[in-house]
Amino acid sequence: YLWNDALPTLDPDAVARRYASNAVLLPTVSDIPRTDYDSIRAYFVDFLQKKPQGVILESYATCGEGWCKDVGIYEFTMGATGDKVKARYSYVYVYEGGEQLQR
């Protein structure tokens, strides 16, 4: 939930820092893969203007040594408009610099 906790800060750097250095973000509401910090941050500059609040509806996690995979369904409520967006997600978490980050 560290990523979801970063959303209400509305700070694109706080959210982008939740991603590992070699992360690939396939955003829910964009068809452009984001493969570095700057492009991940740029996506969240726009996305956070909608004031999203995320809720995980279904989660299926598998963990091993130094990693964890979580897939499921979440729903965003856009605080700016009240719109809801339901989507699938796939997260792989790794440890980098002593922190659990999304890859």
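Here goes a summary of the coordinates provided.

Procedures and definitions
- Residues numbered from 1 in each chain as written.
- Predicted model: local features only at pLDDT ≥ 70, side-chain atom pairs only at ≥ 80, totals over all residues.
- Heavy atoms only, no water.
- Buried < 20%, exposed > 50% of the residue type's maximum accessible area, 1.4 Å probe, protein only.
- Helix = DSSP H or I, 4+ residues; strand = E, 2+ residues; numbered from the N terminus.
- Arc of directions from axis to C-beta.
- Contact = heavy atoms within 4.5 Å.
- Core = buried A, V, L, I, M, F, W, Y, C linked by side-chain atoms within 4.5 Å.
- Pairing = 2+ DSSP bridges.
- Axes fitted to C-alpha atoms, helices over the stretch in contact; angles between N-to-C directions.
- Salt bridge = Lys/Arg side-chain N within 4 Å of Asp/Glu carboxyl O.

**Thoughts on helix H3 (residues 37–47)**
Next up, step 1: Along H3, the residues that are buried comprise Ile40, Tyr43, Phe44 and Phe47. Looking straight down H3, one finds that the buried residues subtend no more than 95° of arc, so they occupy a single side.
Next up, step 2: For H3, the elements touching its buried residues are helix H1 (2–6), helix H2 (12–16), strand S1 (52–64) and strand S2 (67–78).

**A short note on the nonpolar core**
For soluble globular proteins, the rule of thumb is that nonpolar side chains tend to be buried together.
Next up, step 1: In this structure, Trp3, Val15, Tyr19, Ile40, Phe44 and Phe76 are the most contacted members of the largest nonpolar core, which totals 21 residues.
Next up, step 2: Among the secondary structure elements, those contributing two or more residues to this core are H1, H2, H3, S2 and strand S3 (84–96).
Next up, step 3: With sequence-adjacent residues up to four places away left out, Tyr19 is seen in contact with Trp3, Leu25, Ile40, Phe44, Leu101 and Gln102.

**A short note on the pairing of S2**
Next up, step 1: Residue alternation in S2 divides its side chains into a buried set, Cys68, Asp70, Gly72, Tyr74, Phe76 and Met78, and an unburied set, Trp67, Lys69, Val71, Ile73, Glu75 and Thr77.
Next up, step 2: Sheet topology places S1 next to S2; 12 bridges connect them, and they run antiparallel. Bridging across to S2, Ala61 finds its partner in Asp70.
Next up, step 3: Between S1 and S2, which pair antiparallel one after the other, the connecting turn spans 2 residues, and Gly66 there sits at a positive phi close to 85°.
Next up, step 4: Note that S2 and S3 share 11 bridges and pair antiparallel.

**So, the sheet that holds S1**
Next up, step 1: Spatial ordering of the open sheet is given by S1-S2-S3-S4, a layout of 4 strands whose pairing is antiparallel. Either end of the sheet is taken by a strand with one partner, and the two such strands are S1 and strand S4 (99–102). For this sheet, the mean inter-axis angle between neighbouring strands, taken without regard to orientation, is 30°.

**A short note on the pattern of salt bridges**
Next up, step 1: Across all of its chains, the model carries 2 salt bridges by this definition.
Next up, step 2: Arg41 serves as the salt-bridge partner of Asp13, at 2.9 Å between the closest nitrogen and oxygen. One end of the pair, Asp13, is in helix H2; the other, Arg41, is in helix H3, and 28 residues separate them in sequence.
Next up, step 3: What makes Asp13 partly exposed here is its relative accessible area of 22%.
Next up, step 4: One salt bridge in this structure joins Arg18 and Glu99, with 3.2 Å as the shortest N-O distance. Residue Arg18 is located in the loop between H2 and H3, and its partner Glu99 is located in strand S4; the two are separated by 81 residues in the primary sequence.
Next up, step 5: Classification of Arg18 by relative accessible area gives buried; the value is 11%.
Next up, step 6: The exposure class of Glu99 is partly exposed, given its relative accessible area of 41%.

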